[in-house]
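Coordinate inspection notes
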Amino acid sequence: MATAVAVVVVSFNTRDLLRACLESVRAELGGGSGELVVVDNASTDGSAGMVREEFPEARLLANDGNPGFGAAANQGLAACRSPYAMLLNGDTWLRPGALAALARYLDENPRAGIVGPRLLNPDGTLQPSCYPFLTPFNFLALNSGLMYVVRFLRRFRPTYRGVPSRAGHWVKGAALAIRREAFAAVAGFDEGYFMYAEELDLCWRALAAGWEVHYTPVASVVHVEGASTSQARHEMAALLFASLERFYRKHHRPASLSRLRRVVVLILLQRIGRDVLKFWRYPERRPRLSGDLLLWRRLLLERL
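As a convention, each chain's residues are numbered from 1 in the sequence order in which they are written. Per-residue local features of the predicted model are confined to residues with pLDDT of at least 70, and side-chain atom pairs are confined, for both listing and counting, to 80 or more; whole-chain, interface and lining totals are unaffected and use all residues. For side-chain calculations, the full set of non-hydrogen atoms in the structure is used, while hydrogens and water are omitted.

1. Description of the state of the cysteines
Applied cut-off: Note on terminology: disulfide denotes any pair of cysteine sulfur atoms within 2.5 Å.
As enumerated under the stated definition, the model contains 0 disulfides in all. Note on C203: no disulfide assigned, nearest cysteine sulfur contributed by C130 at a separation of 9.0 Å.

Below you can see the structure in the form of structure tokens.
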């Protein structure tokens, strides 16, 4: 019999998607048995009330403010007792058999500390979820027209498709099976990241501590990408650059951080040029583009 898996769901303003997520978890846990923790980061759409009313079996941790994804995940995992935990975004749902498959996988791979399942888009297509650790060139390629070229190169294919049980990679935090022993060994997520790169940092530290980070297609999870972050698009763009710079500051030499910052400048210049052209070509989009241009300009000035 596979080891029991607790489920921790981090939620922020995705009430209807959260309901679908928890219904899938309820089915996987067998009608309400097993550990289920929901951490709500001060949603304003009634998410917490919905959980209280419709999912009484869940332990709800309703935060008064939004401490960020990593801090909320730490809260939820600290409230569990099972040796394995499934960490989910509120905009995901489990395909049948996912929890049992991941439990078996962790039982069979005792050095796997973090395991990413196969992620699917709502239409059933594969969603990239396993990545080589970012270099300045990788980041430039992923955020510019270069991605249409490098995705055909063998060394970059894992970025787009994912690979099974690959060392030296990290897995997307939308859905992670976590061995609590490994999680405790690295003191959980670094709460200095509000959003983005927290799972990158966790995987890096787990590997450095002697644990393995795996991607496996034995289980599937559907992910509606960007359901929460699209609600604050400008803030999320700023956080992405800041989080990556924090990661490089922690784990790389100053020269590598300098290269990353130069790449960010190039990306911002490219976005400014792109949006200036759009500003003149599409008058109806000018209000939104004006906001984008102001953001890119501010982020650029911060790095010059």
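We are not done yet, so read on.
2. Side note on the confidence of the model for the protein
The condition is simple: On a scale of 0 to 100, pLDDT captures the predictor's confidence in every residue. By the convention used here, residues are in contact when the closest approach between their heavy atoms is within 4.5 Å.
Of all residues in the protein, 88% have pLDDT values of 70 or greater, and the mean over the chain is 87. The model gives residues 158–162 a pLDDT under 50, and that stretch makes 21 contacts with residues more than four places away or in other chains.

3. Observations concerning the packing of aromatic side chains
The criterion, for reference: A pair of aromatic rings is counted whenever rings of Phe, Tyr or Trp (Trp by its six-membered ring) have centres within 6.5 Å, and the orientation is called stacked for planes under 30 degrees apart, edge-to-face for over 60 and tilted otherwise. Whether a charge sits over a ring comes down to the Lys NZ or Arg CZ being within 6 Å of the ring centre and within 35 degrees of the ring normal.
Within the structure shown, the criterion is met by 8 aromatic pairs. Geometrically, the ring pair formed by F247 and Y248 is edge-to-face, given 6.1 Å between the ring centres and 70 degrees between the ring planes. Ring-pair connections join several aromatic residues into one group, and the members of that group are F133, W204, F247 and Y248. Its guanidinium or amino end placed over the ring of Y193, R246 lies 5.1 Å from that ring's centre, counting from NZ or CZ. One cation-aromatic arrangement involves R271 over W296; the distance from NZ or CZ to the ring centre is 4.9 Å.

4. Concerning unusual backbone geometry
Of all residues except glycine, most have a negative phi; of all peptide bonds, most are trans. Cut-off, in case you're wondering: The helix count covers DSSP runs of H or I at least four residues long, the strand count covers runs of E at least two residues long, and both are numbered beginning at the N terminus.
Phi is positive for A187, which is not a glycine, with a value near 60 degrees. Secondary-structure assignment places A187 in the loop between α8 (180–185) and α9 (198–208).

5. Observations concerning the packing of helix α11 (residues 254–281) against helix α12 (residues 286–303)
In plain terms, the rule: To obtain an axis, a line is fitted to C-alpha atoms, over the contacting stretch when the element is a helix, and the angle between two such axes runs from 0 to 180 degrees between their N-to-C directions. In these notes the angle categories are as follows: under 35 degrees is roughly parallel, over 145 is roughly antiparallel, 65 to 115 is roughly perpendicular, and the rest is oblique. Here a crossing is called left-handed whenever its near helix is offset anticlockwise from the far helix by less than a right angle, and right-handed whenever the offset is clockwise.
In contact at an axis separation of 9 Å, α11 and α12 are set at 155 degrees when each is read in the N-to-C sense. Taken together, the axis directions place α11 and α12 in an arrangement best described as roughly antiparallel. In terms of crossing hand, the pair formed by α11 and α12 is left-handed.

6. Things to note about helix α3 (residues 69–78)
Where we set the bar: Throughout this description, buried means an accessible area under 20% of the type-specific maximum (1.4 Å probe, protein chains only), exposed means over 50%, and partly exposed covers the range between.
The element α3 is extensively covered by neighbouring structure, given that 8 of its 10 residues are classed as buried. Every buried residue of α3 is accounted for by F69, G70, A71, A72, A73, N74, G76 and L77.

7. Brief notes about empty space enclosed by the protein
The test is simple: Detection works on a 1 Å grid of protein atoms alone, calling trapped sets that fit a 1.4 Å probe cavities and calling open sets with protein on both sides within 12 Å along at least five of seven lines pockets, with lining residues defined by an atom within 4 Å of a point. Grid points are joined across faces, edges and corners, and a volume is the space filled by probe spheres set on the points. Side-chain classes follow a simple rule in which Ala, Val, Leu, Ile, Met, Phe, Trp, Tyr, Cys and Pro form the nonpolar group, Asp, Glu, Lys and Arg form the charged group, and the remainder, Gly included, forms the polar group.
All told, the structure shown has 2 cavities of 30 Å³ or more when counted by the stated rule. Around the second largest cavity, the lining residues are G113, I114, I178, A182, F183, V186, L202 and A206. Sorting the residues of the lining of the second largest cavity by element identifies β6 (112–120), α8 and α9 as the ones contributing at least two each. Looking at the lining of the second largest cavity, its residues break down into 7 nonpolar, 1 polar and no charged.

8. Regarding the nonpolar core
Quick note on the threshold: Think of a nonpolar core as a cluster: buried Ala, Val, Leu, Ile, Met, Phe, Trp, Tyr and Cys residues, connected wherever their side-chain atoms sit within 4.5 Å.
In terms of nonpolar packing, the biggest core is built from 55 residues, with L87, I114, F139, V171, F189 and L200 touching the most fellow members. Setting aside anything within four residues of it in sequence, one finds I114 in contact with V171, L176, A177, L202, C203, A206, E212, V213 and H214.

9. Thoughts on helix α2 (residues 47–54)
This is how the line gets drawn: Arc, as used here, means the arc of the directions from the helix axis to the C-beta atoms.
Along α2, the positions that sit buried rather than exposed are S47, A48, M50 and V51. The buried residues of α2 occupy an angular sector of 160 degrees when the element is viewed end-on, so they sit on one face. Turned more than 90 degrees away from the buried face of α2, the exposed residues are R52 and E53. On its buried side, α2 packs onto β1 (5–11), α1 (15–29), β2 (36–40) and β3 (59–62).

10. Here's the deal with the pairing of β1
In regular strands, side chains alternate between the two faces of the sheet. Here is the rule we go by: Strands are labelled as partners when DSSP assigns at least two bridges between them.
Among the 7 residues of β1, 7 are classified as buried, and the element is accordingly described as predominantly covered. In β1, alternate side chains face the same way, and those of V5, V7, V9 and S11 on one face and A6, V8 and V10 on the other are all buried. Note: β1 against strand β4 (residues 84–89), 6 bridges, orientation parallel. Looking across to β4, one finds that V10 is bridged to N89. Here β1 pairs with β2 via 5 bridges, running parallel. From the neighbouring strand, V7 faces β2, where its bridge partner is L36.

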